[in-house]
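# Fold and geometry: a report
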Amino acid sequence: MRLVLLATVSILLMTLDHREHLVAPAREAVSSVVYPVRFVVDAPFSIAERVGERIALRHQLIEENRALRDRQLEYQSRLQRMEALEQENQRLRELLGSSERLETDVAITQLMRIELDPHTHIVEIDRGSNAGAFVGQPVLDARGIMGQVDKVGPRSATVRLISDPSHAIPVEVNRNSLRAVALGSGDPQRLELANVPSNADIEEGDLLTASGLGGTFPRGYPVATVTEVEVEAGEPFARISAEPAAALDRSRKLMLVISEQAQPPGPEAEAGTDADDEDGGQS
Amino acid sequence: MTGHQPRSGGFAILVSFLIGLMLIILPLPGWAQDFRPEWVALILLYWSLALPERVGVGVGWLAGLFQDALLGTLLGQHALAFALIAFLALRLHQHLRLVPVWQQAIVVLGLLTVAQLVVFWVNGIIGRPAPDWQAWAAIPVGAAIWPLIFFILRGVRRRFRVQ
């Protein structure tokens, strides 16, 4: 009977999709078939935005331009110091015998205005495998890490946010390099730190940055700020909540990290001469 | 599906499903998201009641597959749910065609619940947290707008002579 057949196929598909990621080509094919639907739903919003830009008043534009120029000047001056610091840092690292590239290249991408599965925290962006997106690619916004690319279609990709309940990101406390893992809580304003001992040196207001362990996320980008540390007597682990640095539910313009060690495994993988953690001894 | 019968208006069916898929991913303000009815399921139910020999388990499965691709759920999750409710609708269509619309809406409520249960059940198996109670709100909303779907699609069916 057809129902039995199709039910078997669905269960097979789901198992493969969940466990093995073997059906990536199938998913890519279906995704390109449904892309027009996404495009049509997204179109009115992006057109409205563009029209809004077009009909913005002259003095508004001048004002905005001026504000942006001021800000750029400010950033430029900070960047000068930053460059000096970066070089100094690099030299120190060389002295220590560890090599690490600090700069990252990013590609700017836009969120598509469509809604996905309401029970998970995922968003759709308008860059797919045609534009070089790959599974596991880190995604940032202007303030911090947003998430990572979960599924890739030819012209769009799905990003799993760090607040998704099934997402975990290795972090370290910026103040003292204490390592932990931040889990998504299902609430876009909150992450949870797992398995931090009650006596660990961590307090409210600590900045958590990506630790770079695991090789997915580039080291040093801000992830969250600790908002609450709850220690109960007798409990081995503290209950710690943190607020994501990125505006997970508001950012429209996102950045895909292209370079850094987070490249897909392959011949173009960065030839780390004395890489300290993973993919050592490639060159 | 059955080759010998005259078929026409397949275009209208396709377009109605496309519109349903668009409505599924159309952005809504936060409070309204939980009330978004399962448009594709409703459209599928209408066609499988009206034209059981053309729209059935296979079409339901395909529509569900596309919805999975759009929503980013596991491939096959909605496909399984929709194939199942299309099957049930085909079983029931002889009775359902005779009863008034509001009684159909009650059955639709049941079928939507079945579909939602399948989706949540799969979510549970792969370890997603259980949905909160608001997640069920879409089902009564779906049943409540069934008469609307019914009359609109019946209008479409007569207008385009879908047989």
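Reference entry: report on the structure contained in this document. Note that the coordinates shown come from a computational prediction; the quantities given were computed from them, not determined experimentally.

## Concerning the pairing of strand 10 (residues 222-230) of chain A
Residue and element names in this part refer to chain A. Pairing between strand 9 (residues 207-210) and strand 10: three bridges, direction antiparallel. Among the inter-strand pairings, L207 is bridged to a residue of strand 10, identified as T225. As defined by bridge partners, strand 10 adjoins strand 11 (residues 239-244) across six bridges and the pair is classed as antiparallel. Residue pairing in the sheet places E230 in a bridge with R239 of strand 11.

## Topic: the environment of L117 of chain B
All names here are of chain B. Tracing the backbone shows L117 in helix 5 (residues 101-125). Relative accessible area serves as the criterion here: at 46%, L117 is assigned to the partly exposed category. Residues L117 and A81, 36 residues apart in the sequence, show an inter-C-alpha distance of 8.3 Å.

## Points about the pattern of salt bridges
Residues and elements named next belong to chain A. Inspection of every chain in the model, using the stated rule, returns twelve salt bridges over all chains. The shortest N-O distance in the salt bridge between R78 and E74 comes to 3.0 Å. Of this pair, R78 and E74 both sit in helix 3 (residues 58-96), four residues apart, which is roughly one turn of that helix. Here D201 makes a salt bridge to R175, at a shortest N to O gap of 3.4 Å. Taken together, the positions of D201 in the loop between strand 8 (191-194) and strand 9 and R175 in the loop between strand 6 (168-173) and strand 7 (179-184) put the pair 26 residues apart, joining distant regions of the chain. Classification of D201 by relative accessible area gives partly exposed; the value is 41%. Classification of R175 as partly exposed rests on a relative accessible area of 43%. Shared partners join several salt bridges into a network, and the residues in it are D150, K151, R160 and D164.

## Focus: the pairing of strand 5 (residues 157-161) of chain A
Residues and elements named next belong to chain A. With five of its five residues buried, strand 5 lies for the most part within the structure. Of the two faces of strand 5, the one holding A157, V159 and L161 and the one holding T158 and R160 are both buried throughout. Pairing of strand 2 (residues 122-125) with strand 5, which is carried by four bridges, proceeds in the antiparallel orientation. Looking at strand 5, one finds that I122 is bridged to R160. The turn joining strand 4 (residues 145-152) and strand 5, which pair antiparallel and follow one another in sequence, is formed by four residues.

## Examining helix 2 (residues 24-54) of chain A
At V34 of chain A, helix 2 of chain A shows its maximal kink, close to 40°; a proline, P36 of chain A, follows between one and four residues later. Here helix 2 of chain A has its buried residues at R27, V30, S31, V34, Y35, V37, R38, V41, D42, A43 and S46 of chain A.

## Regarding unusual backbone geometry
All names here are of chain A. With phi around 60°, S177 is a residue other than glycine that occupies positive phi space. Looking at where S177 falls in the secondary structure, it is placed in the loop between strand 6 and strand 7. One non-glycine residue, N195, lies in positive phi territory at about 55°. With respect to the helices and strands, the residue N195 is situated in the loop between strand 8 and strand 9.

## Focus: the nonpolar core
F17, I25, Y46, W47, I85, W146 and I149 of chain B are the most contacted members of the largest nonpolar core, which totals 61 residues. Of all the elements in the fold, those that place two or more residues in this core are helix 1 (2-20) and helix 2 of chain A together with helix 1 (10-25), helix 2 (39-50), helix 3 (57-71), helix 4 (77-96), helix 5 and helix 7 (146-159) of chain B. No other element matches helix 2 of chain B, which puts eleven residues into this core. Apart from the residues within four sequence positions on either side, Y46 of chain B is in contact with W146, I149, F150, L153, R154 and R157 of chain B. Among the nonpolar cores identified, the runner-up in size contains 39 residues, and L140, A200, I202 and V223 of chain A belong to it.

## A few points about the interface of chain A and chain B
Listed per partner, the contact involves 31 residues of chain A and 37 residues of chain B. Taking both partners together, chain A and chain B bury about 3100 Å²; carbon and sulfur atoms supply 73% of that area. If you sort the residues of chain A by the area they bury against chain B, L3, M14 and E115 of chain A come out on top, with a joint share of 22%. Across the chain A-chain B interface, the total number found is zero salt bridges. Where chain A meets chain B, there are five residue pairs in polar contact (both at pLDDT 80 or more). When residues of the side of chain A that touches chain B are traced back to their parent elements, those giving at least two are helix 1 and helix 2 of chain A. The biggest single contributor to the side of chain A that touches chain B is helix 1 of chain A, with eleven residues.

## Focus on the sheet that holds strand 2 of chain A
As a general point, the strands of a sheet are linked pairwise by backbone hydrogen bonds and lie either parallel or antiparallel. Residues and elements named next belong to chain A. Spatially, the six strands line up as an open sheet ordered 1-12-3-4-5-2, and their pairing is antiparallel. Each edge of the sheet is formed by a strand with only one pairing partner; in this case those strands are strand 1 (106-110) and strand 2. Each strand axis lies, on average, 40° off the axis of its neighbour in the sheet, ignoring direction.

## A few points about a nonpolar patch on the surface
A grouping of I47, V51 and I55 of chain A is seen on the molecular surface, where their side chains present a nonpolar patch of about 300 Å² in accessible area. Position of I47 of chain A relative to the elements: it lies in helix 2.

Calculation notes
- Residues numbered from 1 in each chain as written.
- Chains lettered and ligands numbered in written order.
- Predicted model: local features only at pLDDT ≥ 70, side-chain atom pairs only at ≥ 80, totals over all residues.
- Heavy atoms only, no water.
- Pairing = 2+ DSSP bridges.
- Helix = DSSP H or I, 4+ residues; strand = E, 2+ residues; numbered from the N terminus.
- Buried < 20%, exposed > 50% of the residue type's maximum accessible area, 1.4 Å probe, protein only.
- Salt bridge = Lys/Arg side-chain N within 4 Å of Asp/Glu carboxyl O.
- Bend = angle between axes of the 7 residues up to and from the residue.
- Core = buried A, V, L, I, M, F, W, Y, C linked by side-chain atoms within 4.5 Å.
- Contact = heavy atoms within 4.5 Å.
- Buried area = accessible area lost by both parts, 1.4 Å probe.
- Polar contact = N/O pair within 3.5 Å; in protein donor to acceptor, adjacent residues only side chain to side chain.
- Axes fitted to C-alpha atoms, helices over the stretch in contact; angles between N-to-C directions.
- Patch = residues over 30% accessible without salt bridge, like charges linked within 9 Å, V, L, I, M, F, W, Y side chains within 5 Å.
- Areas by Shrake-Rupley, 256 points an atom, 1.4 Å probe, with all protein chains shown as cover.

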